[in-house]
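# Structural characterization, general
Okay, here's what each chain looks like letter by letter:
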Amino acid sequence: MDVIARFFSGQPPALLWGLGGVLGALTLAVAITWGLSKAKPAKDYTNLRQRIASWWVMIALLSAALLAGWGAVVALFVVISFIALREFLSLAPIRREDRLIVFVAYLTIPISYGFIVADTYGFFLVFTPVYVFMFLPFLMACIGQTRAYLTTMATFHWAIATCVYALGFAAFLMRTPLSDGAPAGPAGLVFLLLVATEANDVFQYCWGKALGKRKIMPTVSPNKTWEGFLGGWATTAALLWFAGPVFTPLSGVGLAILAISLPVAGFAGDVTMSAIKRDLGVKDTSGLIPGHGGILDRVDSLLFTAPLYFHILAYFALDHF
Amino acid sequence: MRWLRRIVIVLVARPLARVFTGADIVGRERLPLKGPAIVVANHASHVDTLLLLTIYPSKALDRVRPAAAADYFLKGGPLAWFSRNILNVVPVARDKVASGEDILAPAREALAAGDILLIFPEGTRGDGEAMARLKNGVARLAAAFPQAPIVPIWLQGAGRVLPKGAHLPVPMNCTVLVGEPLHWGGERAAFMEDLRVRLEALHALAPPQRWT
């Protein structure tokens, strides 16, 4: 017991309160679902139940990693990147000759995350957009199939830039040194990113359900409405404005920019992945997470919020980056 | 050996299948858990057998046996040992068809003993796209066991993880689509046509996990 007590007393109190709050919110969701199924027993709440059950698992994994430290968070994001990339490359139009390129695309994961482990920010920053960008097309040229060469090349770049590079920024936040003054430690930075991103999805959904009338992108995401987007934007911005100082060193202009821009980035990530899925003719990227779909369906908003959140912090508050 | 088989499939093959294929399954509730039953799937890769064995719950696993070409899997050496003891294959001596030997005898014995037989009626691995002509053996088995459900399964994407002739497996998502069971209706050509139509219908539902 002593060991456990010491482990938790070593954690930043804000992080523990934050994680407790998330568990509280989830318990509330369970209670609401229970109430709904009692009030309307005829309706089927299986999907909602599955969704919440999956949330418990995802939150347990993320909380454990955040409490365990940077190594665990990086390991978890390596797994997330791998599964996301596998989902993407399995559905995207790729030619038979590209089997080797698929294999090489996976190799960018250990290299990119290797720069995070080595804490070499500059290398991480240029590796994907400069060197992978040049090397993969060359390798594809060596294989010699030129039919659909350009579109396949673009497919690989998009896949790696989102599934590996963009998600890497979330993990890289864990390397923030204590001297940079994050009030809930590096784990607090990642925690707020994940909470704000996922909460934005939930808020948009709730506002859309409650008030949604005017469709915002009918050809891409027919269920999304202006009311959902604007309501989610305002709610998430308020959440960031009030929770920001608890978990990040941001204040004033930096915090305001984060609060205003992050919800828009989350929406952008969501509808961009929706457009891709619509093009591919699939609803979900896999069946991995019951009630949610694939990993890519869950992290679509995070693909866009992670780099933005990272760069706003880096510019306004963190000396390390 | 039964324990070794369980351990290898649950602790080694299942995690491998998860990493290399994602092992998505549609219609899990239609998977037959009791024999005699025949599971019929399209064939593009050795990954097919791995996938079909790993989607089974541990309890039913002892009964699940893939039919395998004796000339390839039981030639000798480590592969023959693995095929006998871990895969627990039902041998089909496809090279002895001309000799007049009853090459389906071991399969009939297995079904009579209450096993769940996995059959790839194309007889060999294809290119992972078009299904080859289905061989009639499955109809003869169905006729011998009219009470056994015949469950069609479409395996999407396995041919990309490890195509015929390749040595390096590359992780790609695969989907296992389990269809409604059919039974022997008394007429071979109609049965085979029904089976093919059902497999193609599952194929049409599969996600676009294919080369372009």
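Above this text is the structure in question.
Treat the numbers as computed from the prediction; the structure is a model and nothing was measured.

## Concerning unusual backbone geometry
- That bond from Gly-35 of chain B to Pro-36 of chain B is cis: its omega, -5°, falls within 30 degrees of zero.
- Structurally, Pro-36 of chain B is set in the loop between β1 (24-26) and β2 (37-41).
- Not every positive phi belongs to a glycine, and Asp-119 of chain A is a case in point at roughly 60°.
- Its location among the elements puts Asp-119 of chain A in the loop between α5 (99-117) and α6 (121-143).
- Here Ala-23 of chain B, not a glycine, exhibits a phi torsion of approximately 50°, which is positive.
- For Ala-23 of chain B, the position within the fold is in the loop between α1 (2-21) and β1.

## Comments concerning the packing of aromatic side chains
Residue and element names in this part refer to chain A.
- In the structure shown here, the tally under the stated rule is 23 aromatic pairs over all chains.
- Geometrically, the ring pair formed by Phe-115 and Phe-127 is edge-to-face, given 5.7 Å between the ring centres and 65° between the ring planes. On the criterion of sequence distance, the pair formed by Phe-115 in helix α5 and Phe-127 in helix α6 is long-range, its members being 12 residues apart.
- Between Phe-191 and Phe-247, the ring centres sit 5.1 Å apart and the planes meet at 45°, which makes this aromatic pair tilted. Separated by 56 residues along the polypeptide, Phe-191 in helix α8 (residues 185-211) and Phe-247 in helix α9 (residues 226-247) bring together distant segments of the chain. Side by side, Phe-191 and Phe-247 carry an identical accessibility label, which is buried.

## Some points on the layout of surface pockets
All names here are of chain B.
- Here the second largest pocket is characterised by a volume of approximately 1300 Å³.
- Forming the boundary of the second largest pocket are 49 residues, of which His-43, Ala-67, Ala-68, Phe-73 and Phe-120 lie nearest the centre.
- Sorting the residues of the lining of the second largest pocket by element identifies α1, α2 (47-54), β3 (64-69), α4 (70-73), α5 (77-87), β5 (116-119) and α7 (137-144) as the ones contributing at least two each.
- Among the elements that take part in the lining of the second largest pocket, α1 stands out by supplying 6 residues, more than any other.
- Grouping the constituent residues of the lining of the second largest pocket by class yields 34 nonpolar, 8 polar and 7 charged.

## Describing the interface of chain B and chain A
- With 25 residues of chain B in contact, the opposing surface of chain A contributes 21 residues.
- In total, chain B and chain A occlude about 1800 Å² of area from one another, counting both sides; carbon and sulfur atoms represent 54% of this.
- Three residues, Asn-173, Trp-211 and Thr-212 of chain B, lead the burial of chain B against chain A; their summed loss comes to 33% of the area buried on that side.
- At the surface where chain B touches chain A, the tally comes to 12 residue pairs in polar contact (both at pLDDT 80 or more).
- With 4 residues, α1 of chain B is the single largest residue contributor to the side of chain B that touches chain A.
- Class assignment of the residues belonging to the side of chain B that touches chain A gives a composition of 14 nonpolar, 5 polar and 6 charged.

## What to know about the pattern of salt bridges
- Enumeration over the complete set of coordinates arrives at 17 salt bridges over all chains.
- Here Arg-63 of chain B makes a salt bridge to Asp-115 of chain B, at a shortest N to O gap of 2.7 Å. Taken together, the positions of Arg-63 of chain B in the loop between α3 (58-61) and β3 and Asp-115 of chain B in the loop between α6 (105-112) and β5 put the pair 52 residues apart, joining distant regions of the chain.
- Residue Asp-115 of chain B is classed as buried on the basis of its relative accessible area of 6%.
- The salt bridge involving Arg-108 of chain B is made with Asp-102 of chain B; its shortest N-O contact spans 2.9 Å.
- Using a relative accessible area of 37% as the deciding quantity, one classes Asp-102 of chain B as partly exposed.
- One salt-bridge network, held together by shared partners, links Glu-198, Asp-201 and Arg-298 of chain A.

Thresholds, definitions, all that
Residues numbered from 1 in each chain as written. Chains lettered and ligands numbered in written order. Predicted model: local features only at pLDDT ≥ 70, side-chain atom pairs only at ≥ 80, totals over all residues. Heavy atoms only, no water. Helix = DSSP H or I, 4+ residues; strand = E, 2+ residues; numbered from the N terminus. Phe/Tyr/Trp six-rings, centres within 6.5 Å; stacked < 30°, edge-to-face > 60°. Buried < 20%, exposed > 50% of the residue type's maximum accessible area, 1.4 Å probe, protein only. 1 Å grid on protein atoms, 1.4 Å probe; cavity = no way out; pocket = protein on both sides within 12 Å on 5 of 7 lines; lining within 4 Å. Points joined across faces, edges and corners; volume = space filled by probe spheres on them. Nonpolar A, V, L, I, M, F, W, Y, C, P; charged D, E, K, R; others polar. Contact = heavy atoms within 4.5 Å. Buried area = accessible area lost by both parts, 1.4 Å probe. Polar contact = N/O pair within 3.5 Å; in protein donor to acceptor, adjacent residues only side chain to side chain. Salt bridge = Lys/Arg side-chain N within 4 Å of Asp/Glu carboxyl O.

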